[in-house]
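A structural walkthrough
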Amino acid sequence: MLQAEIKSLLKEDISILIKIPNSGKHYLCDCGEASLLSVREVQSISAVFISHTHIDHFSNFDGIFRHQIGSGEKVVICGPKNIHQQVEARLKSYTWNLIDEKAIEYEIREIVSEDEINIYTLRPPYWNLELIKTQNFLFEDEYVNVDFAILDHKTDSIAYLFKEKDSVTFNENASGFRKGKWISELKTAFENNAGDKEIEIEGTLYKTSELFHLLTRNAGYKFGVIMDHAADEGNYEKIRAVFGGADLVYIESFYKDTDQEFAKINYHSFASASGKIMNECQVKEAIPIHFSRRYTESDQEEIETAFYRAFRRIN
């Protein structure tokens, strides 16, 4: 399953690394300070997911691309409206006379609405934006597809749900046949719902539908990251629609319950509010993250206690 690691210390701004098991690929959620993020991990990042571009979520972007330049790879950057212009501005603020156009390629995916994603490219050394196309989905590769919700933080704040692809397993004990390439053919037919296809096993033809009982579909792991958002019903309706039933969600719990007036003023969430919406979403596990830097470790413990009390409905 997906492995998520918070790479920021308590007094640092948030950054989360998502690793794909048995793969060299990583994804990064937000670009705050990240003392625990290694250069090697940065160089393995194939996609960056920005919730919004307040300084505490975007300040370390320069440090990220500093270690990506020269890789020759394409790196995808997803984010809210105008993310393409903000990335362009950051890149153009440096001198690139020693870098050629093949050093790296950035593909920027600007989330305009739920079904409108603008795709831009940026290449060195001039970093001139080029609009390539508009599409109705955000991100998909061989490992995951990514859904999202556009939340209100007095600016668009994107919450992301990473969904591993479903897997199909073969029940060898129930088969009675010798292993062979027919198993992969059967799995392909199963995934394509091609029950009338014929495959040969040990000299005999079988309809794939007759053998589907040997296969089991395993739902992919679902991991969510919900960053800054106002604690209101408008946001909660969107969160329920995307994150219901997720396996694990990291969710912003910026303020203590005793400071929820600050949360309201600053369009943030607070401990029990974040726990409550995770309970309503019936997620299997939830973890509060991204606390105000004004707080101490004991304040963090207070936030976590209130969060889990609401999440698990403990009186």
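We now turn to the structure provided with this report. (Residues numbered from 1 in each chain as written. Predicted model: local features only at pLDDT ≥ 70, side-chain atom pairs only at ≥ 80, totals over all residues. Heavy atoms only, no water.)

**A word on the overall build of the protein chain**
Summing up its helical and strand segments, the protein chain has nine helices and 18 strands in all. Here the protein chain, with 315 residues, has 50% of them falling under the buried criterion. Just so you have it, the protein chain exposes about 15600 Å², and 45% of that area is on carbon and sulfur atoms. Once the 36 positive and 51 negative side-chain charges of the protein chain are each reduced to a mean point, those two points are 2 Å apart. (Helix = DSSP H or I, 4+ residues; strand = E, 2+ residues; numbered from the N terminus. Buried < 20%, exposed > 50% of the residue type's maximum accessible area, 1.4 Å probe, protein only. Areas by Shrake-Rupley, 256 points an atom, 1.4 Å probe, with all protein chains shown as cover. Lys, Arg positive; Asp, Glu negative; His and termini not counted. Charge placed at Lys NZ, Arg CZ, Asp CG, Glu CD.)

**Focus: the side chain of Gln68**
With respect to the helices, strands and loops of the structure, Gln68 is situated in the loop between α3 (61-66) and β5 (74-80). Residue classification places Gln68 among the buried residues on the basis of a relative accessible area of 4%. When sequence neighbours within four positions are dropped, the list of residues in contact with Gln68 reads Val42, Ile45, Val75, Ala103, Ile104 and Tyr106. (Contact = heavy atoms within 4.5 Å.)

**A closer look at the sheet that holds strand β10 (residues 144-152)**
Read across the sheet, six strands follow the order β9-β10-β11-β16-β17-β18 without closing on themselves; strand pairing throughout is mixed. Here the strands that pair on one side only, and so sit at the sheet edges, are β9 (139-140) and β18 (285-289). Pairing analysis gives nine bridges linking β10 to strand β11 (residues 156-164), with the strands arranged antiparallel. Within β11, the residue paired with Asn145 across the bridge is Lys163. Here helix α6 (residues 233-243) sits on the sheet in contact with β10, β11, β16 (222-226) and β17 (248-252), set at roughly 170° to β10. Contacts from helix α9 (residues 297-311) reach β17 and β18 within the one sheet, and its direction differs from that of β18 by about 150°. (Pairing = 2+ DSSP bridges. Axes fitted to C-alpha atoms, helices over the stretch in contact; angles between N-to-C directions.)

**So, the packing of helix α8 (residues 271-280) against α9**
A pair of packed helices is characterised by two quantities: the angle between their axes and the separation of those axes. Interhelical geometry of α8 versus α9 gives an angle of 30° and a closest axis separation of 7 Å. One finds that α8 runs roughly parallel with respect to α9. In the crossing of α8 with α9, the sense of the turn from one axis to the other is right-handed. Between α8 and α9, the residues in contact are Ala271, Ser272, Ser274, Gly275, Lys276, Met278 and Asn279 and Ile303, Ala306, Phe307, Ala310 and Phe311, respectively. The residue makeup of the contact of α8 with α9, split by class, is seven nonpolar, four polar and one charged. (Parallel < 35°, antiparallel > 145°, perpendicular 65-115°, else oblique. Left-handed = near helix turned anticlockwise from the far one by under 90°. Nonpolar A, V, L, I, M, F, W, Y, C, P; charged D, E, K, R; others polar.)

**Considering the state of the cysteines**
Counted under the stated rule, the structure contains zero disulfides. Cysteine Cys29 is unpaired, with the sulfur of Cys31 as its nearest cysteine sulfur at 9.5 Å. Note on Cys29: relative accessible area 2%, which makes it buried. Using a relative accessible area of 1% as the deciding quantity, one classes Cys31 as buried. (Disulfide = S-S within 2.5 Å.)

**Things to note about the sheet that holds strand β4 (residues 45-49)**
Pairing is mixed in the open sheet, where eight strands are placed in the order β1-β2-β3-β4-β5-β6-β7-β8. With partners counted over all chains shown, the strands left at the sheet margins are β1 (3-6) and β8 (130-135), one partner each. Strand-to-strand twist in this sheet, taken as the mean axis angle between neighbours without regard to direction, amounts to 20°.

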